[in-house]
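# Observations on the three-dimensional arrangement
As a plain string of letters, each chain reads:
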Amino acid sequence: MFLRLLLFFLIVLIIEVYAFQAVKTFTKVRWVLLTYSLVSLGVILFIAYEFTKFDRSVGQTKLTMITMGLLLLVLIPKLIITFILLLEDIFRVFSGAMNRFSGPAIGVSFLPDRRKFISQIALGLAAIPFTSLIYGMTFGKYNYKVITQQIFFPDLPDAFDGFKITQISDVHSGSFDNPEKINYAIDLVNEQNSDMILFTGDIVNTHAKEMLPWIATFNRIKPHKYGKFSVLGNHDYGEYVDWKSEKDKEANFHAIKELYGKIGFNLMLNEHAFVSKGDDKIAIVGVENWGKHFKKAGDLNKASEGLAKEDFKILMSHDPSHWDAEVNTHPQNFNLMLAGHTHGLQFGIEIPGVLKWSPAQYVYDQWAGLYEKAGKYIYVNRGFGYHAYPGRVGIMPEITVIELKKGKSLV
């Protein structure tokens, strides 16, 4: 433990030294340097103090999210500065060694001076994530986007051609701090006038009580002609905190399951329901959370008992890792799976038709948007809320509208 702390403070010291050097080459004004040093020290002490005070019986709070945001706000820009100046130092050492090898010059230092423009470049590049993270915490986290997606199926029942489904996911109500913005998002949901709405899990961060101030708000989601269905997400099981007793944990889990009903959603626990339109029908299948790295409570066999292989099926399963692990090879032939969970890591770059990148893609093969394999599809919602980092950069909160179309796949 002592060695880990020592290593941590050594790394922090190196990062701070390099960051200070960049600031020092930019300005020599003493009060600016002193102010920078005092603010940096204060932030480091605050972050360290908050991490030592983290209570595993409480879990994430708004203060812990602020702390995480502050950590990223100071760490990422300073890491960029450190990386650039470290490369410069490697060049300076190499250059000094070459000069010494060719014959030492009288009065010339071994190391060439640090170049001001390199520090300016480092500071300029560091300003990009710094301003982006601030934007993400102030505006990005509520910058809701309605994303529409047509998906074609040759075996879609005729009556469901043009059937519209709104999907929301990962509400994480314990993170909300702006009722006006949440009401705006609910208005967007209602404006879509979809036939059905599906909610793919994570109504809270941990505790059922987090949702209580928002029940009336989410009850504003109007009835949908063909129903409102939901499933559980990994956070709904309350497994990321220490409970006083198993009884308390079970009581919280029971209360969380009741929350979905309190906002008008039919919670599906490894089960299915048929939705009929005219003479045709499709099956909505909902499983509990199944994740490659998280709780495996989902049971596809139980959820699809009584279904025929030829029935058109839409599966709700919170974690997209379920798709490759079980869903794609399951004999029941699930036509479309809807998931969430990843949030797109709440950080990335998306330019439609040009670029789509997030660190989430190094963990999940399907992390945001539509994917297809052998005529089967998965859509991964980017999430309605936010968690851990109290913001979103590049990957915005999403309300998905999927239109089912009869016909040959265009993907």
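In the block above lies the structure referred to throughout.
Residues numbered from 1 in each chain as written. Predicted model: local features only at pLDDT ≥ 70, side-chain atom pairs only at ≥ 80, totals over all residues. Heavy atoms only, no water.

Attention now goes to the pattern of salt bridges. A side chain with one charge may pair with a side chain of the opposite charge, provided their charged atoms come close. Using the criterion set out here, one finds 13 salt bridges in the structure. Here Asp 177 and Lys 141 are joined by a salt bridge, their closest N and O atoms 3.0 Å apart. Within this pair, whereas Asp 177 is found in the loop between strand E2 (164-168) and helix H5 (179-191), its partner Lys 141 is found in the loop between helix H4 (116-138) and strand E1 (145-153), the two being separated by 36 residues in sequence. Here Lys 141 falls in the buried class, since its relative accessible area comes to 8%. Across the salt bridge formed by Arg 382 and Glu 398, the nearest N and O atoms sit 2.9 Å from each other. One end of the pair, Arg 382, is in the loop between strand E13 (376-380) and strand E14 (398-406); the other, Glu 398, is in strand E14, and 16 residues separate them in sequence. Pair check on accessibility: Arg 382 and Glu 398 agree, each one buried. Linked by salt bridges that have partners in common, Glu 239, Lys 249 and Lys 295 make up one network. (Salt bridge = Lys/Arg side-chain N within 4 Å of Asp/Glu carboxyl O. Helix = DSSP H or I, 4+ residues; strand = E, 2+ residues; numbered from the N terminus. Buried < 20%, exposed > 50% of the residue type's maximum accessible area, 1.4 Å probe, protein only.)

Here we come to helix H7 (residues 246-262). The end-to-end C-alpha distance of H7 is 24 Å, a good match for the 24 Å that 17 residues give at a rise of 1.5 Å each. Every buried residue of H7 is accounted for by Lys 249, Asn 252, Phe 253, Ile 256, Leu 259 and Tyr 260. The buried residues of H7 all sit within an arc of 105° when viewed along its axis, so they share a single face. Here the buried face of H7 lies against strand E3 (196-199), helix H6 (215-218), strand E4 (228-230) and strand E5 (266-267). Backbone geometry just after H7 places Gly 264 at a positive phi near 85°. (Expected span 1.5 Å × (residues − 1). Arc of directions from axis to C-beta. Contact = heavy atoms within 4.5 Å.)

Mapped onto the fold, Ile 147 is located in strand E1. Residue Ile 147 is classed as partly exposed on the basis of its relative accessible area, which comes to 25%. Once the C-alpha coordinates of Ile 147 and Val 401 are considered, the two residues, 254 residues apart in sequence, prove to be 6.1 Å apart. If we ignore the near neighbours within four places in the chain, the residues touching Ile 147 are Tyr 379, Arg 382, Glu 398, Ile 399, Thr 400 and Val 401.

If you look at the biggest cluster of nonpolar residues, it comprises 33 residues, and the most contacted ones within it are Ile 203, Met 211, Phe 218 and Phe 384. Every element with two or more residues in this core is listed here: H5, E3, H6 and H7. Looking at this core element by element, the count peaks at five residues for H5. By size, the runner-up hydrophobic cluster in this structure holds 25 residues, among which are Phe 163, Met 268, Met 316 and Leu 338. (Core = buried A, V, L, I, M, F, W, Y, C linked by side-chain atoms within 4.5 Å.)

Checked against the element boundaries, Ser 40 lands in helix H2 (residues 30-52). Polar contacts involving the side chain of Ser 40 include one to the side chain of Lys 78, which spans 3.2 Å. Apart from the residues lying within four places of it in its own chain, the contact partners of Ser 40 are Glu 16 and Lys 78. (Polar contact = N/O pair within 3.5 Å; in protein donor to acceptor, adjacent residues only side chain to side chain.)

The mixed open sheet is built from six strands, whose spatial order is E6-E7-E8-E9-E13-E12. Strand pairing shows two members of the sheet lacking a second neighbour, strand E6 (271-277) and strand E12 (369-373), which therefore form its edges. In this sheet, neighbouring strand axes are inclined to one another by 20° on average, regardless of whether the strands run parallel or antiparallel. Where E12 and E13 come together, five bridges link them in antiparallel fashion. Following the sheet pairing, Lys 373 is matched in E13 by Lys 376. (Pairing = 2+ DSSP bridges. Axes fitted to C-alpha atoms, helices over the stretch in contact; angles between N-to-C directions.)

Here the focus is the sheet that holds E5. Within a sheet, neighbouring strands are paired by backbone hydrogen bonds and run either parallel or antiparallel to one another. Across the sheet, which stays open at both edges, the six strands sit in the order E1-E14-E2-E3-E4-E5 with mixed pairing between neighbours. Of all strands in the sheet, those with a lone pairing partner are E1 and E5, marking the two edges.

With that settled, the discussion passes to the side chain of Thr 82. With respect to the helices and strands, the residue Thr 82 is situated in helix H3 (residues 62-101). The class of Thr 82 is buried, set by a relative accessible area of 10%. A polar contact of 2.8 Å, which involves the side chain of Thr 82, links it to the backbone oxygen of Lys 78.

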